[in-house]
Amino acid sequence: MINRVKENLKRVRCYHSATLLDSTISHAQKEELSYLAFLDYFLEQECHYRNQTSINRNIKACHLPNIKTFDDFDFKYQHAVSKRTIAEWKTFDWLDKRENKIFMGPPGVGKTHVAIALSYEALKTGYKVIFFTMNKLIDEMLLAAYNNEFKKWLKKISKFDLIIIDEIGYLPIKQESSNLFFQLISELYEFRSIILTSNKLFKEWGSAFGDSVITTAILDRILHYSETIIMNGDSYRMKGKNKK
Ligand code: ADP
Ligand code: MG
């Protein structure tokens, strides 16, 4: 009979339970579980593994450039974020409220590190996240527009709960790309959360986007529900290098 149960479990796509059936039954016998407790244990186990599978799938789809965590973040070096702030951010209240976060500051102060670590926490909590550098985002938008698939691409991106756009302002952006970026921001406005990192102050964004009208419209939407975190200090990359 056990083989038939395993086969049927696979037919109803409970693959984890099929693999774990022998140990599940041994556990139930040993613990003398009631029918209900057995069913509960059995389903909890299947749900747990399914969650894990979906989290792993989301981590792959996010395309993080690498994994950075808050455990390897030196809070003494960067005071703009504290362990208490992180604990609050990790409740993801802001994400549920569709708020944005903007990390701003010179190179090397940990903007990308914090953005990645926060993305990773969101992924582990079960949110869908996608990570772009601004350059990569522009390339993807232009390609989609070139193929007449920009609307389809927008739809795909708006399925993610959180969209990371890293390194705004490093390179100037052409008019066509600014227009596409504005359409993306409008699509996500009040609907999805965005994390941006930038080495430029808001007042300098006009020169990055090359058009002050578009820049104002973009900023207006991004800043409506948002928190800006100014990260200052020396580059962590240079840490220790200037000591005599
Ligand atoms: P930014 O995006 O601000 O230019 P990064 O986040 O890329 O800077 O940081 C540069 C390097 O220094 C990365 O390898 C990052 O992990 C590390 N780093 C930056 N700040 C810290 C910090 N406070 N604690 C630990 N590592 C840090
Ligand atoms: Mg960076």
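Once a new chain begins, its residue numbering starts again from 1 and follows that chain's sequence as written. Numbering of ligands from 1 and lettering of chains from A proceed in the order in which they are written. Residue-level local features of this predicted model are given only where pLDDT is at least 70; pairs of side-chain atoms are given and counted only at 80 or more, and the full residue set underlies all totals for whole chains, interfaces and linings. Note: side-chain values were computed over all heavy atoms of the structure, leaving out hydrogens and water.

Novice: How do you make sense of empty space enclosed by the protein when you look at a structure like this?
Specialist: Cavities and pockets were defined on a 1 Å grid built from protein atoms only: a cavity is a group of points that admits a 1.4 Å probe but offers it no way out, a pocket is an open group of points flanked by protein on both sides within 12 Å along at least five of seven lines, and a lining residue is one with an atom within 4 Å of any such point. Grid points are joined across faces, edges and corners, and a volume is the space filled by probe spheres set on the points. Going through the model one piece at a time under the given rule, you end up with one cavity of 30 Å³ or more. When its volume is computed, the largest cavity comes out at roughly 50 Å³. In terms of lining, the largest cavity is formed by R98, N100, I185, L188, Y189, E190, R192, I194, R221 and Y225. Each residue is assigned to one class: nonpolar for Ala, Val, Leu, Ile, Met, Phe, Trp, Tyr, Cys and Pro, charged for Asp, Glu, Lys and Arg, and polar for all the others, Gly among them. A class-by-class count of the residues in the lining of the largest cavity yields five nonpolar, one polar and four charged.

Novice: What exactly am I supposed to notice about the layout of surface pockets here?
Specialist: One water molecule sets the probe size; rolling that probe over the atoms shows where empty space is left. In this structure, the largest pocket encloses a volume near 470 Å³. Lining the largest pocket are 23 residues; nearest its centre among them are G108, G110, T112, H113 and R237. The helix and strand labels rest on DSSP assignments: H or I over at least four residues marks a helix, E over at least two residues marks a strand, and numbering proceeds from the N terminus. Listed by contribution, the elements that provide at least two residues to the lining of the largest pocket are α6 (111-125), β2 (129-133) and β3 (162-168). Among the residues making up the lining of the largest pocket, the classes are represented as nine nonpolar, seven polar and seven charged.

Novice: Is there a simple way to think about the sheet that holds strand β4 (residues 193-198) in this case?
Specialist: Sheets are built from strands that pair by backbone hydrogen bonding, the pairs being arranged parallel or antiparallel. On the basis of which strands lie adjacent, the open sheet formed by five strands has the order β2-β3-β4-β1-β5 and parallel pairing. At either margin of the open sheet sits one strand with a lone partner, and together these are β2 and β5 (226-230). Each neighbouring strand pair of the sheet contributes to a mean axis angle of 15°, computed without reference to strand direction. If DSSP finds at least two bridges between two strands, the strands pair. In this sheet, β3 lies alongside β2 in parallel orientation, the contact comprising five bridges. Within β3, the residue paired with T133 across the bridge is D166. Where helix α9 (residues 175-188) meets the sheet, its contacts fall on β3 and β4, and the angle it forms with β3 comes to roughly 150°. Simply put, an axis is a line fit to the C-alpha atoms, just over the touching stretch for a helix, and the angle between two N-to-C directions goes from 0 to 180 degrees. Throughout, a residue-residue contact means that at least one pair of heavy atoms, one from each residue, lies within 4.5 Å.

Novice: What's the story with the packing of aromatic side chains in this structure? I'm lost.
Specialist: Here a ring pair, both rings aromatic, is described through the centre-centre distance and the interplanar angle of the planes. Each pair of aromatic rings taken from Phe, Tyr and Trp, with Trp reduced to its six-membered ring, is defined by centres within 6.5 Å and is described as stacked if the planes are under 30 degrees apart, edge-to-face if over 60, and tilted in the remaining cases. All told, the structure shown has 12 aromatic pairs when counted by the stated rule. Here the aromatic rings of F73 and F75 are separated by 5.2 Å at their centres, their planes lie at 80°, and the arrangement is edge-to-face. Throughout, exposure labels follow a simple rule: accessible area from a 1.4 Å probe, protein chains only, divided by the maximum for the residue type, with under 20% read as buried, over 50% as exposed, and the rest as partly exposed. Given a relative accessible area of 16%, F75 falls into the buried group. Both rings, one in W89 and one in F103, keep their centres 5.7 Å apart while their planes meet at 70°; by these two values the pair is edge-to-face. On the criterion of sequence distance, the pair formed by W89 in helix α4 (residues 83-89) and F103 in strand β1 (residues 100-104) is long-range, its members being 14 residues apart. The same class applies to W89 and to F103, which are both buried. In this scheme, Lys NZ or Arg CZ marks a charge over a ring once it lies within 6 Å of the ring centre and within 35 degrees of the ring normal. Against the face of W94 rests K101, its NZ or CZ located 4.8 Å from the ring centre. When the ring centre of F191 is taken as reference, the NZ or CZ atom of R192 above it lies at 4.1 Å.

Novice: Please explain the packing of helix α7 (residues 134-146) against helix α8 (residues 150-157) as it appears in this structure.
Specialist: Working note: a packed helix pair is described by the angle between its axes plus the distance between those axes. Between α7 and α8, whose axes approach to 7 Å, the crossing angle comes to 135°. Our classification of the angle between α7 and α8 gives oblique. Where α7 approaches α8, its residues L137, E140, M141, A144 and A145 are matched on the opposing element by F150, W153 and K156. The class makeup of the residues in the contact of α7 with α8 is six nonpolar, no polar and two charged. Roughly parallel refers to an angle under 35 degrees, roughly antiparallel to one over 145, roughly perpendicular to one between 65 and 115, and oblique to any angle outside these ranges.

Novice: Before we go on, may I ask you to explain the state of the cysteines in this structure?
Specialist: In a disulfide, the sulfur atoms of two cysteines are held together by a covalent bond. In what follows, a disulfide is any cysteine sulfur pair within 2.5 Å. Within the structure shown, the criterion is met by zero disulfides. With no disulfide of its own, C14 has C47 as its nearest cysteine by sulfur position, at a separation of 8.6 Å. Judged by relative accessible area, which is 13%, C14 ranks as buried.

Novice: Would you mind showing me how to read the environment of L20 here?
Specialist: Structurally, L20 is set in helix α2 (residues 15-31). Considering only alpha carbons, one finds L20 and S226, 206 residues apart in sequence, at a separation of 45 Å.

Novice: Hey, could you run me through the environment of G210 in this one?
Specialist: Relative to the helices and strands, G210 is located in the loop between α10 (205-209) and α11 (212-224). We classify G210 as exposed; its relative accessible area is 55%. Between the C-alpha atoms of G210 and F103, which are 107 residues apart in sequence, the distance is 21 Å.

Novice: Would you mind going over α2 with me for this structure?
Specialist: Because the α-helix completes a turn every 3.6 residues, residues three or four places apart line up on one side. For α2, spanning 17 residues, the distance from its first C-alpha to its last is 24 Å, which sits close to the expected 24 Å at 1.5 Å a residue. The largest bend in α2 amounts to roughly 65° and is located at L21. For α2, every residue scored as buried is listed here: S17, A18, L21, T24 and A28. Along its buried surface, α2 packs onto α1 (2-11) and α3 (35-62). At the C-terminal side of α2, E32 shows a positive phi close to 50°. To estimate the expected span of a helix, count its residues, drop one, and scale the result by 1.5 Å. We define the bend at each residue as the angle formed by axes fitted to the 7 residues ending at it and the 7 residues starting at it.

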